[in-house]
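# Fold and geometry: a report
Residue strings, one per chain:
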Amino acid sequence: MATVVDQVKETLVGTESGAGLSAQTRYDFMQNAVKDDEGELYMGEKEFVDAIAPEGEDYIKREQYSLLFSIADRNHNGRISIQDWSVFNNLLAKPDAEYEIAFRLFADPATGQVDFSSFKESYARNKTSSTIPFNWDSDWAKLYLGGKRHRHSMTYPQFAQMLRGLQGERVRQAFLHFDQNDDGYIDPEDFQRIIQETAAHKLSDHLLTNLPTLCNISPGSKISYANVRAFQNVIREMDLVELVIRNAINKSDDGKITRVDFLNEAARITRFTLFTPMEADILFHFASLDQPSGRLGLLDFARVLDASWHHTGADLDNATPGIAGSAEKAVAGSKTFMHDVLVSAHHFGLGAIAGAFGAFMVYPIDLVKTRMQNQRGARVGQMLYKNSWDCATKVVRNEGFRGLYSGVLPQLVGVAPEKAIKLTVNDLVRGKFTDLKTGNIPFRMEMLAGASAGMCQVIFTNPLEIVKIRLQVQGEAMKAAARDGEAIPKRSAMWIVRHLGLLGLYKGASACMLRDAPFSAIYFPTYAHLKRDFFGESPTKKLGVLQLLTAGAIAGMPAAYLTTPADVIKTRLQVEARKGESSYNGIRDAARQIWREEGFKAFFKGGPARILRSSPQFGFTLAGYEVLQGLLPLPGEGAEKEPRGSIEPATGLTEAKSSLPYLRSRNALKIILDLDLGFGRAKAAEAAGKGWLPNLKGAGAAMASVEPRA
């Protein structure tokens, strides 16, 4: 790198550059060059790779970019001057630079053509030792090179065209090599080896890992030659495949398409290239491996189209394909503390709105439930209500319809944060224990998430409950006092809060937690499994409001009824005892007295009303919560992000982010690696001074003397 002193000197006294050297070319050289002992700037192999290899490149090894060093090093002295760099950049600026670079790697500088003998020798030296053998005397090779008695050298256009068809011939010969029975079938593992040796530098990890699964697209356990050719056609036409996919997705309402949509769109935009049914099957097979559904989105296809796609790493930060719920998906995909805070705050707000809505819808049922649970007398004369319906009718008759909503205002004020914290904590814990790839979460972790949510909500629940309960039973207390000739003033919510004080507001908190933790531990896993296992929710199937309401209501039934004993104890502890009524000194004392005075059935007083209240309330709350997530998403939370690529956003149809020299360097390597993946890899026998291609020391000289014929 140029030093600060050098930069200051250049600024003060100026510099002199060669004729025709562009400012950008000189800048790139100065950014990467180092000085020798005499103060002359040059680039060695490492500096050259840093200058031309896209930063973060991974699916083509960085070491293989050194293969291009032998072309840029015109004097073959292991260093590149600023003039060498200028010539190399001028070559990269040509529209056919990729093929010309490959040609110059093998061309004889004297004749300007590729001699078969030296080409074959170079291939033999650079191919990997375990590579599948390739027959250069095949009928295909003879068409380009001539037979043994009539070999001829290849011009630039001939050589480029041969490279264009070389990969297909390598695949054909490799198939014949493994087809020992001559029945047109090979094992899946053999197919995987063929593709890994011939096209690993062009394909994603997702494809390379799952190649053996190609046998599953048709009956049987082997792969036919038709399968192999169809697969090769798909990867060869990746750019066209992506164009069809993007056009079809843009026309889709939900950003997802089926196999039929793909083929219909292909018929609309292509005139000569028609995709066969098998090619479409192969495309959708590999795109849907992590998302087994008939409808696929751009992220699903990116696993096939984007060679830089990885199963792990940055992609998983953006993609949570197995998770259907948007809340869980946002938390599971979170990668920073601040993002967790923003997601939690957003869901807290939505939960508050949904909780208030659900509470208001079922408040009359809650009032009836509370009065039934507070009815302590075992004898008929002491019983105000025979059942829940009798209670409701007497409330309306004695207190009017508004009596059914006694205490609703503090309930709405308090239930908003209560339900919000419950929903937020459940989403947060579930998201942290959810597998990003499959969307699965262990059942014990589901229960832990629910129980955690139930325990956290007690902070808001207990003060809310004690105020609400005292307001709800106030009407019957006033009526009972009137019968005895006493007058009890009607109390407001604020009076009750001031009267109880901070500690009083948390009276019965342990009983409240005993109710809420098991309730949520039962409710949330049941709700999640009903949505997924009964109604079939998935990332590609969005449930309607009625389905969400039904799932929430059904899940609330067992959760509400099984926790009724804890709710009865909590109610008794929080209601102010009237004259002649028993008072309790804690959970155990309350449980003993209720059992002794009223029997086991008393623990389930108000159970039906509790089901009628809790079941629809949570149905309305959860349905409202999920609908609100769709209507008011966190900015950027629901959008599918562009598939990641190292040097461009997608495979070919979106404008690349890197400069053309970067892209052409990479594309030239792709063409050379079509010969064999061993090209450009360091070998122990290649000592310093011999270069990457021992038999092509003079290849770099072709930069100065060879001018290919178009």
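Everything numeric here is computed off the predicted structure, so don't read it as measured data. (Residues numbered from 1 in each chain as written. Predicted model: local features only at pLDDT ≥ 70, side-chain atom pairs only at ≥ 80, totals over all residues. Heavy atoms only, no water.)

## Comments concerning the environment of leucine 669
Its location among the elements puts leucine 669 in helix H30 (residues 660-673). Its relative accessible area of 0% is what places leucine 669 among the buried residues. (Helix = DSSP H or I, 4+ residues; strand = E, 2+ residues; numbered from the N terminus. Buried < 20%, exposed > 50% of the residue type's maximum accessible area, 1.4 Å probe, protein only.)

## Looking at the pattern of salt bridges
In the structure shown here, the tally under the stated rule is 26 salt bridges. Among the salt bridges present, the one from aspartate 300 reaches arginine 303, with a minimum N-O distance of 3.0 Å. A residue pair is termed a helical-turn pair when its members lie 3 or 4 positions apart in one helix, as aspartate 300 and arginine 303 do in helix H16 (residues 298-305) at 3 residues. Note that aspartate 567 is salt-bridged to arginine 610, the shortest N-O span being 3.5 Å. A residue pair is termed long-range when its members are at least 10 positions apart, and aspartate 567 in helix H27 (residues 564-574) and arginine 610 in helix H29 (residues 607-631) qualify at 43 residues. For arginine 610, a relative accessible area of 2% gives the class buried. One network of salt bridges, with partners in common, ties together Arg515, Asp516, Asp567 and Arg610. (Salt bridge = Lys/Arg side-chain N within 4 Å of Asp/Glu carboxyl O.)

## A closer look at the nonpolar core
In terms of nonpolar packing, the biggest core is built from 94 residues, with Trp136, Phe159, Phe231, Ile245 and Phe262 touching the most fellow members. In terms of residue count, the dominant contributor to this core is helix H9 (residues 156-178) (9 residues). Structurally, this core is a two-domain feature, drawing no fewer than three residues from each of domain 1 (1-93) and domain 2 (105-311). Apart from residues lying up to four places away in sequence, phenylalanine 159 is in contact with Ala102, Phe103, Phe106, Val114, Phe119 and Met154. (Core = buried A, V, L, I, M, F, W, Y, C linked by side-chain atoms within 4.5 Å. Domains from an automatic or database assignment. Contact = heavy atoms within 4.5 Å.)

## Focus on the UniProt feature "domain: EF-hand" (unreviewed entry) in the protein chain
In the numbering adopted here, UniProt assigns the feature "domain: EF-hand" (unreviewed entry) to residues 60-95 and 166-201. Spanning residues 166-201, this segment combines 69% helix with 6% strand, and its end C-alpha atoms are found 15 Å apart. (UniProt positions renumbered as here; feature names shortened; annotations may be inferred.)

## Concerning the environment of serine 70
Note that serine 70 resides in helix H4 (residues 69-72). With 35 residues separating them in the primary sequence, serine 70 and leucine 105 have C-alpha atoms 7.9 Å apart.

## Some remarks on H27
The buried fraction of H27 is high, at 11 of 11 residues. Three or more residues of H27 are buried, namely Thr564, Pro565, Ala566, Asp567, Val568, Ile569, Lys570, Thr571, Arg572, Leu573 and Gln574.

## Thoughts on the side chain of aspartate 179
With respect to the element layout, aspartate 179 can be found in the loop between H9 and strand S3 (185-186). Notably, aspartate 179 is buried but unbridged: the nearest opposite-charge side chain belongs to lysine 222, and the N-O separation is 7.2 Å. Setting aside its immediate chain neighbours within four residues, aspartate 179 contacts Gly184, Tyr185 and Ile186. (Lys, Arg positive; Asp, Glu negative; His and termini not counted.)

## Section: the environment of phenylalanine 679
In this structure, phenylalanine 679 sits in the loop between H30 and helix H31 (702-705). Along the chain, phenylalanine 679 and asparagine 126 lie 553 residues apart, while their C-alpha atoms are 5.3 Å from each other.

## Looking at a nonpolar patch on the surface
Taken together, Phe348, Ile459, Phe460, Leu502 and Tyr506 make up a surface patch of nonpolar side chains, about 460 Å² in accessible area. Note on placement: tyrosine 506 falls in the loop between helix H24 (493-505) and helix H25 (509-534). According to the relative accessible area criterion, tyrosine 506 is partly exposed, its value standing at 33%. (Patch = residues over 30% accessible without salt bridge, like charges linked within 9 Å, V, L, I, M, F, W, Y side chains within 5 Å. Areas by Shrake-Rupley, 256 points an atom, 1.4 Å probe, with all protein chains shown as cover.)

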